[in-house]
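Now for the letters of each chain:
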Amino acid sequence: MQVWPVQRFSKAGRTAPRICGMAGVFSYESSEVDWCEDNYRHSETVAEFYNTVSSFIFFLFSPLMLYLLHPYAKERSRAVHLVWFMMIFVGIFSIYFHMTLSYVGQMLDEISILWVLAVGYALWFPRKHFPSFIKNRVEFSVLVFLTTVFSTLSSFAKPTVNAYALNCIALHILYCLGLELRSCTNPRIHRLARVSVFWWALAIACWLSDRFLCNFWKRINFCYLHSIWHVLIVVATAHGSTLIAYFDALHEIPHALPEIQYWPKDHWSLGVPFIAIRGSSKTQKEC
Ligand SMILES: CCCCCCCC/C=C\CCCCCCCC(=O)N[C@@H](CO)[C@H](O)/C=C/CCCCCCCCCCCCC
Ligand SMILES: [Ca+2]
Ligand SMILES: [Zn+2]
């Protein structure tokens, strides 16, 4: 396969990125992070072709999830649309990052993920687990906002650890889900939880493998694991965020009788989950 002659950009043998002045932070390969896929193999201007192209998956799922979650958003708050709206920006920044491997691209990619997570926490973190000094969701949102501003500033201190820190937040989300599931007996919900964790585990396995086993993947000429991660983490987020939003709906708008359904076919193995709103009369919660 042809490698484009822009090898002057190649990182081979280089230990630290060259950032010279303000313009340097935008330059190709100014990020300390470089994924396993060979740079400039398919294009002169796109550093990691498959990692860039696979980031377009955000543009497929974001509008679909905005559409599917609209009935729930109408009942709960239009603010829940922020999560998938902001995912469009995660997609844009992911494309920019993999296209240039620039320092600015990396920071935009990671900071946008951090803010999506922050919005998710502010909207959906269960009230019963709020710290004792917090009285309501507005106060909790202020706390999340301040923590996120602090984390955003800290992310410039050691950019190479940002992605690991973000993955640790995913572990906290899994822990919170576990707590909710303990008091839930609905088998449909437990199945959605298993499917969500399955996609997330597959995604993180690809991310770690691309990071740490690159030599092996290069030897067998298969350097696409980070591209696969993009697809899997979006699928995991579609499942996981719907599950979290379902628990939120059960607690916050139980009268709406929320129910998990799948699009386009109402079967867990074939579709994308969403929250269907069955009514507005006050009834017992299911779990
Ligand atoms: C009560 C808490 C509610 C939280 C709601 C969760 C909302 C979803 C939030 C985040 C979406 C993740 C988007 C991933 C974008 C990937 C872009 C990317 O590939 N970036 C890499 C560089 O190109 C970078 O190295 C990756 C960094 C790690 C990102 C970690 C993301 C954590 C995802 C959490 C997903 C939860 C799924 C839960 C499943 C049970
Ligand atoms: Ca690369
Ligand atoms: Zn990526």
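Residues numbered from 1 in each chain as written. Chains lettered and ligands numbered in written order. Predicted model: local features only at pLDDT ≥ 70, side-chain atom pairs only at ≥ 80, totals over all residues.

In the nomenclature of an unreviewed UniProt entry, the chain is known as Alkaline ceramidase of Lepisosteus oculatus. You can read under Subcellular location (unreviewed entry) in the UniProt record for the chain the words "Membrane". The UniProt entry for the chain carries the following comment under Function (unreviewed entry): "Hydrolyzes the sphingolipid ceramide into sphingosine and free fatty acid." (UniProt positions renumbered as here; feature names shortened; annotations may be inferred.)

**Student:** Could you give an account of the overall build of the chain, naming the residues involved and the relevant values?
**Tutor:** Along the chain, the regular secondary structure elements total 11 helices and two strands. In sequence order, the chain lays out its α and β elements as α-α-α-α-α-α-α-α-α-α-α-β-β. Relative to its 287 residues, the chain shows a buried fraction of 33%. The contacts in the chain between residues at least 6 apart in sequence include a share of 67% that link residues at least 24 apart. (Helix = DSSP H or I, 4+ residues; strand = E, 2+ residues; numbered from the N terminus. Buried ≥ 20, exposed ≤ 12 C-beta atoms within 10 Å, placed from the backbone. Contact = placed C-beta atoms within 7 Å.)

**Student:** Give me the lowdown on the UniProt feature "binding site: Ca(2+)" (unreviewed entry) in the chain, citing residues and values where you can.
**Tutor:** According to UniProt, the feature "binding site: Ca(2+)" (unreviewed entry) maps to D34, W35, E37, N39 and E48 in the numbering used here. With respect to the helices, strands and loops of the structure, N39 is situated in the loop between α1 (21-24) and α2 (49-54). Residue N39 is classed as buried on the basis of its C-beta count, with 25 C-beta atoms lying within 10 Å. With residues near it in sequence (within four places) discarded, E48 still touches W35, E37, N39, H98 and L101.

**Student:** Just give me the short version of the environment of I173, but keep the residues and values in it.
**Tutor:** By the element assignment, I173 lies in helix α8 (residues 162-182). Here the alpha-carbon distance between I173 and E29, two residues 144 residues apart in the chain, equals 32 Å.

**Student:** With reference to specific residues and values, describe the site of ligand 1.
**Tutor:** The full set close to ligand 1 counts 30 residues, and G120, A163, A170, S196 and G240 are the nearest of them. When residues in the shell around ligand 1 are grouped by element, the largest group, eight residues, is from α8. (Near = placed C-beta within 6 Å.)

**Student:** Explain the UniProt feature "binding site: Zn(2+)" (unreviewed entry) in the chain residue by residue, including any values.
**Tutor:** Here the UniProt-annotated "binding site: Zn(2+)" (unreviewed entry) positions come out as H98, H226 and H230. Taking the farthest pair of C-alpha atoms as the criterion, the annotated set spanning 133 residues converges on one region, since that pair is 11.5 Å apart. Tracing the sequence through the fold places H98 in helix α5 (residues 81-100). The buried category is assigned to H98, around which 27 C-beta atoms lie within 10 Å. Leaving out residues up to four positions away in the same chain, H98 has contacts with A47, E48, N51, T52 and S55. As for its placement among the helices and strands, H230 is situated in helix α11 (residues 225-252). Judged by local crowding, H230 falls into the buried class, with 24 C-beta atoms found within 10 Å. Contacts of H230, omitting those with residues within four sequence positions, involve S54, S55, I57 and S94.

**Student:** Just give me the short version of the nonpolar core, but keep the residues and values in it.
**Tutor:** Of all hydrophobic cores here, the largest spans 52 residues; its most connected members are L69, A203, A245, Y246 and I275. Counting residues per element, the ones that place at least two in this core are α3 (57-68), α5, α6 (103-124), α9 (187-212), α11 and β2 (272-277). It is α11 that provides the largest number of residues to this core, a total of 15 residues. With residues near it in sequence (within four places) discarded, A245 still touches L69, Y72, V80, W124 and I275. (Core = buried A, V, L, I, M, F, W, Y, C linked by C-beta atoms within 7 Å.)

**Student:** Explain the packing of α9 against α11 to me, and be specific about the residues and the numbers.
**Tutor:** Across the interface, α9 lies against α11 with an axial gap of 8 Å and an inter-helix angle of 155 degrees. Judged by the angle between their axes, α9 and α11 are roughly antiparallel. The crossing of α9 and α11 is left-handed. When its residues are assigned to classes, the contact of α9 with α11 shows 19 nonpolar, five polar and one charged. (Axes fitted to C-alpha atoms, helices over the stretch in contact; angles between N-to-C directions. Parallel < 35°, antiparallel > 145°, perpendicular 65-115°, else oblique. Left-handed = near helix turned anticlockwise from the far one by under 90°. Nonpolar A, V, L, I, M, F, W, Y, C, P; charged D, E, K, R; others polar.)

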